[in-house]
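Okay, here's what each chain looks like letter by letter:
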Amino acid sequence: WEIWNEPNLPGYRCWGGTPEEFYELYSISAKHLKKCFPHLKIGGPAMAGVDEEWMKGFLECISKDREIALDFFSWHHYVFKPEELLQDSEIVRKYLDEYGFQDAENICNEWNYVKDWEERFVESLKILKTYKGAAFVSACMCACHESDIDMLMYYDTRPSVFNGIFDFYTYEKLKGYYPMLWYSDFYKLEGEVRAENEVDKIYTLCGVSDSGKVTAMLTYYTDNDNAPNKEIELDFGKDGKYEVYLLDKEHDGELIDTTDKLLFNMSVHSCLLIKEI
């Protein structure tokens, strides 16, 4: 159970009181809920962005009474660079550990592509529904595997302006559907295989099945729409035959090749799924 939503925002959007009044509300609620339902995870507060001063005030207050539950700390962040999620997760983990909440989960439970909330907000809403928005989603999911984030929740798949997965009116699949579909394949695998080398703006995720078959996602994402193509070669350390699926401006996650050659010329905002057969 998550207590509240974005209480650190100024004004009266979600919380009209002072920070200290919210700390008190959380403390009373979390202690009571944990006493009544000790088997449930109790946490919050769905902090808007990573507001370090507010977070430190909150953690300092509740750390004084160990009967106040904080099984998870949740936060939101809308960005256009996946690296910002990684940086913020490090900050959150740092303060949780510093204030004695080493066992609290680090949960980013709202994120999406937003350049800003003013002049470029409408532009952002348009982009998140395109193949560039899909590449951003794929890049974030891949990158966050190397972060301190325990859970990552895309916002959102309801009929809303932030839904880059399904069309607002018809529910038809948008470009962002395919990275989510591909990601589901990794739940069936036994373990993750980390890349030994990094290529700038190329985001990867690789897993292996119990029979030794590999599945990998490659994403070329940058906010520079005019970035040149990149030639990427994969080496799984063995020979094999692979299905190659492509998501880009012209392709909707479809099978484009079956090959034993793992050399790809990737255009910006393209995504590949490679599955050993």
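Everything quoted here is computed from the prediction, not taken from an experiment. (Residues numbered from 1 in each chain as written. Predicted model: local features only at pLDDT ≥ 70, side-chain atom pairs only at ≥ 80, totals over all residues. Heavy atoms only, no water.)

(A) Quick look at helix α1 (residues 19-36). The end-to-end C-alpha separation of α1 is 26 Å, in line with the 26 Å expected for 18 residues at 1.5 Å each. Residues of α1 that are buried include every one of Phe 22, Tyr 23, Tyr 26, Ser 27 and Ala 30, and no others. Looking straight down α1, one finds that the buried residues subtend no more than 140° of arc, so they occupy a single side. Seen from the open side of α1, the exposed residues pointing more than 90 degrees away from its buried face are Ile 28 and Lys 35. Against the buried residues of α1 lie β1 (43-48) and α2 (52-62). (Helix = DSSP H or I, 4+ residues; strand = E, 2+ residues; numbered from the N terminus. Expected span 1.5 Å × (residues − 1). Buried < 20%, exposed > 50% of the residue type's maximum accessible area, 1.4 Å probe, protein only. Arc of directions from axis to C-beta. Contact = heavy atoms within 4.5 Å.)

(B) The pattern of salt bridges, seen in detail. Summed over all chains, the structure comprises 15 salt bridges. The salt bridge partner of Asp 156 is Arg 158, with a shortest N-O separation of 2.8 Å. Between Lys 175 and Asp 252 there is a salt bridge, with the nearest N and O atoms lying 2.6 Å from each other. Note that Lys 175 is positioned in the loop between β4 (151-152) and α6 (177-185) and Asp 252 in strand β10 (residues 252-259), a separation of 77 residues in sequence. Here Asp 252 falls in the partly exposed class, since its relative accessible area comes to 35%. The network of salt bridges with common partners includes Lys 115, Lys 132, Asp 223 and Asp 225. (Salt bridge = Lys/Arg side-chain N within 4 Å of Asp/Glu carboxyl O.)

(C) Local environment of the state of the cysteines. If you walk through the whole model with that rule in mind, you get zero disulfides. Lacking any disulfide linkage, Cys 14 is separated from the closest cysteine sulfur, that of Cys 108, by 16 Å. Residue Cys 14 is classed as partly exposed on the basis of its relative accessible area, which comes to 30%. (Disulfide = S-S within 2.5 Å.)

(D) Seen up close, the nonpolar core. Phe 58, Leu 59 and Phe 73 are the most contacted members of the largest nonpolar core, which totals 63 residues. Per-element accounting of this core gives the leading share, nine residues, to helix α5 (residues 131-143). If near-sequence neighbours (up to four positions away) are discounted, Phe 73 is found in contact with Gly 44, Pro 45, Met 47, Met 55, Phe 58, Leu 59, Val 92, Leu 96, Glu 105, Asn 106 and Ile 107. Grouped together as the second largest cluster of nonpolar side chains are 18 residues, Ile 202, Val 244, Leu 246 and Leu 272 included. (Core = buried A, V, L, I, M, F, W, Y, C linked by side-chain atoms within 4.5 Å.)

(E) Quick peek at unusual backbone geometry. Geometrically, the link from Gly 44 to Pro 45 is a cis peptide bond, its omega value of 0° lying close to zero. Note on placement: Pro 45 falls in strand β1. For the peptide bond that leads from Tyr 155 to Asp 156, omega is -5°, which places it in the cis range. With respect to the secondary-structure elements, Asp 156 resides in the loop between β4 and α6. Here the phi dihedral of Ala 46 falls at roughly 55°; this positive angle occurs in a residue that is not glycine. With respect to the secondary-structure elements, Ala 46 resides in strand β1. If you check the backbone angles, Tyr 171 has positive phi at about 65° while not being a glycine. The topology assignment puts Tyr 171 in the loop between β4 and α6. Given the relative accessible area of 53%, Tyr 171 is considered exposed.

(F) Molecular detail of the sheet that holds strand β12 (residues 271-276). Read across the open sheet, the six strands follow the order β5-β6-β7-β12-β9-β10; overall the sheet is antiparallel. In the strand order of this sheet, the two ends are held by β5 (191-192) and β10, each with one partner. Inspection of the sheet shows β5 paired to strand β6 (residues 202-208) by two bridges, in the antiparallel sense. Among the inter-strand pairings, Glu 192 is bridged to a residue of β6, identified as Gly 207. (Pairing = 2+ DSSP bridges.)

(G) Region of interest: the environment of Met 47. The topology assignment puts Met 47 in strand β1. Since its relative accessible area comes to 0%, Met 47 is described here as buried. Spatially, the C-alpha atom of Met 47 lies 19 Å from that of Cys 140, the residues being 93 residues apart in sequence. If sequence neighbours within four positions are ignored, Met 47 has contacts with Asn 8, Trp 54, Met 55, Phe 73, Ser 74, Trp 75 and His 76.

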